[in-house]
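Fold and contact review
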Amino acid sequence: AETKMNKMSSRSHTVCQVRISKWLVSGSETDSSIPKISSRLLVVDLAGSERIKKSGVEGVHRKEATSINKSLLAFGNVVNALATKKAHIPVRESKLTRVLEG
């Protein structure tokens, strides 16, 4: 959606998650007692925050901008809590942070 600040805005977050697991095998069969190796790769493209007054958005686009700003704030709160090693990490504040939790 076009705004005064950005002509080509996707106005969304994108999260691509790839999980790769490898079970170690003994002989020709998979042995469930042998631990598996697993990895997770997250590629995240976050929509930019915008000042509603400067962007001039209205109606549905205003509501979208508000939601984007709220999810970015929640993400920032999670990053801050992790960086400062807080006991409580607020991952349930938005869908974005719940997805990234895994």
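1. Re a nonpolar patch on the surface
On the surface, a nonpolar cluster with roughly 360 Å² of combined accessible area is contributed by Val18, Ile20, Leu41 and Val43. Within the secondary structure, Leu41 is located in strand S4 (residues 36-45).

2. A short note on unusual backbone geometry
With a phi close to 55°, Lys85 is a non-glycine residue in the positive phi region. Position of Lys85 among the secondary structure elements: in the loop between helix H2 (60-83) and helix H3 (95-101). We classify Lys85 as exposed; its relative accessible area is 74%.

3. Section: the environment of Glu101
Here Glu101 is to be found in helix H3. A C-alpha to C-alpha distance of 6.9 Å links Glu101 and Val91, two positions 10 residues apart in sequence. Those residues in contact with Glu101, other than ones at most four positions away along the chain, are Arg40 and Val91.

4. Brief notes about the confidence of the model for the protein chain
Predicted confidence across the protein chain gives a mean pLDDT of 80, with 77% of residues reaching 70 or more. Considering each helix and strand of the protein chain separately, the mean pLDDT is smallest for strand S3 (residues 29-30), with a value of 60, and largest for H2, with 88.

5. Observations concerning the side chain of Ser94
Mapped onto the elements, Ser94 comes out in the loop between H2 and H3. Once you skip the residues sitting within four places of it in the chain, Ser94 turns out to touch Ser71 and Ala74.

6. Considering the environment of Gln17
Inspection of the secondary structure puts Gln17 in strand S1 (residues 14-23). Residue Gln17 is classed as partly exposed on the basis of its relative accessible area of 36%. Sequence-wise, Gln17 and Val44 are 27 residues apart; in three dimensions their C-alpha atoms are separated by 8.5 Å. In contact with Gln17, other than residues within four places in its own chain, are Arg40, Leu41, Leu42 and Val99. Only 3.2 Å separates the side chain of Gln17 from the side chain of Arg40, close enough to count as a polar contact.

7. Section: H2
Owing to its 3.6 residues per turn, the α-helix aligns residues three or four sequence positions apart on the same side. Between its terminal C-alpha atoms H2 stretches 35 Å, which fits the 34 Å expected from 24 residues at 1.5 Å a residue. Looking only at H2, the buried set comprises Ala65, Ile68, Ser71, Leu72, Ala74, Val78 and Ala81. Those residues of H2 that are buried lie in contact with helix H1 (52-55) and H3. The first or second residue beyond H2 is Lys85, which carries a positive phi of 55°.

Cut-offs and rules
Residues numbered from 1 in each chain as written. Predicted model: local features only at pLDDT ≥ 70, side-chain atom pairs only at ≥ 80, totals over all residues. Heavy atoms only, no water. Patch = residues over 30% accessible without salt bridge, like charges linked within 9 Å, V, L, I, M, F, W, Y side chains within 5 Å. Areas by Shrake-Rupley, 256 points an atom, 1.4 Å probe, with all protein chains shown as cover. Salt bridge = Lys/Arg side-chain N within 4 Å of Asp/Glu carboxyl O. Helix = DSSP H or I, 4+ residues; strand = E, 2+ residues; numbered from the N terminus. Buried < 20%, exposed > 50% of the residue type's maximum accessible area, 1.4 Å probe, protein only. Contact = heavy atoms within 4.5 Å. pLDDT = per-residue confidence, 0-100. Polar contact = N/O pair within 3.5 Å; in protein donor to acceptor, adjacent residues only side chain to side chain. Expected span 1.5 Å × (residues − 1).

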